[in-house]
Amino acid sequence: MEDFKISRVTSDYPYDLLYLADPSREAVSYYLERGECWCAALGGTVVGLYVLLPTRPFTAELVNLAVAEDFQNRGIGKRLIGHAVENARGQGYGKLEIGTGNPGIIQMSLYQKCGFRFEWIDRDFFPKHYPGSVVEDDGQECRDMIRMGMDL
Ligand code: COA
């Protein structure tokens, strides 16, 4: 596969990709106002992204990780996570966190392969904070947020 470049984007955000990872308009605009959006581009096309969000002193969260559907399962997600880890470490954070909905078995597996470990479960996060239900492609409803983390 042709190599892609990961660089910071501060305007003209690819909202289709941002909403692929998180359907909440409110959450996405919160992330973009407070975090850094990093995009992977291949020949001028954005194929993936993540947002690095400062949360507490010395702690950041990797949010809004997404790879365009036509480019999934080619290692881009893993490369973006590796970039986020090095990026956070380079900025002096001591901890990187990530969360996924309870149906996200692929995401949980991927995050563990990248060094994240399970920390806690934010029960009923989705019904509490998202209007309507968040349903995955296989029909399973997101109810709990699985919280994972990595010491840097
Ligand atoms: N089924 C099984 N395994 C899968 C998979 C699938 N559909 N997609 C990826 N994987 C596995 C791969 O086997 C790979 O493991 P390996 O390196 O040991 O072979 C690992 O996950 C990483 O795959 P990669 O190709 O780097 O992932 P990706 O580029 O497809 O990106 C996501 C993964 C989750 C970012 C991407 O699927 C996505 O954008 N999904 C929609 C948005 C989303 O769910 N974001 C996360 C919100 S918490």
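Coordinates for the structure precede this section.
Conventions and cut-offs
Residues numbered from 1 in each chain as written. Predicted model: local features only at pLDDT ≥ 70, side-chain atom pairs only at ≥ 80, totals over all residues. Heavy atoms only, no water. Helix = DSSP H or I, 4+ residues; strand = E, 2+ residues; numbered from the N terminus. Rg over C-alpha atoms; globule rule 2.2 N^0.38 Å. Contact = heavy atoms within 4.5 Å. Areas by Shrake-Rupley, 256 points an atom, 1.4 Å probe, with all protein chains shown as cover. Buried < 20%, exposed > 50% of the residue type's maximum accessible area, 1.4 Å probe, protein only. Arc of directions from axis to C-beta. Phe/Tyr/Trp six-rings, centres within 6.5 Å; stacked < 30°, edge-to-face > 60°.

**Q** Help me out: how do you make sense of the overall build of the chain in this one?
**A** Counting its regular elements, the chain contains five helices and seven strands. Expected size for 152 residues packed as a compact globule is a radius of gyration near 15 Å; at 15 Å, the chain falls within 12% of this value. Its C-alpha atoms give the chain principal-axis dimensions of about 40 × 35 × 30 Å. Summarising the internal contacts of the chain: among those between residues at least 6 apart in sequence, 63% fall at separations of at least 24. Working note: accessible area of the chain is about 8700 Å², and carbon and sulfur atoms make up 47% of it.

**Q** Is there a simple way to explain helix 2 (residues 25-34) in this structure?
**A** If you check which residues of helix 2 are buried, you get A27, V28, Y31 and L32. Taken around the axis of helix 2, the buried residues stretch over an arc of 130°, which confines them to a single face. Those residues of helix 2 that are exposed and aimed more than 90 degrees away from the buried face are R25, E26 and E33. Structurally, helix 2 contributes buried residues whose contacts are with helix 1 (15-21), strand 2 (36-42), strand 3 (45-56) and strand 4 (59-67).

**Q** Sorry if this is basic, but what is going on with the packing of aromatic side chains here?
**A** Note on aromatic pairs: each is described by the distance of the centres and the angle between the planes. Tallied over the full model, the rule gives six aromatic pairs. Here F125 and F126 contribute two aromatic rings whose centre-to-centre distance is 5.2 Å and whose plane-to-plane angle is 80°, an arrangement assigned as edge-to-face. Taken individually, F125 and F126 each receive the classification buried, so the pair is uniform in this respect. A ring pair is formed by F125 and Y130, whose centres lie 6.0 Å apart and whose planes are at 55°; its orientation type is tilted. Judged by its relative accessible area of 17%, F125 is buried. According to the relative accessible area criterion, Y130 is buried, its value standing at 9%.

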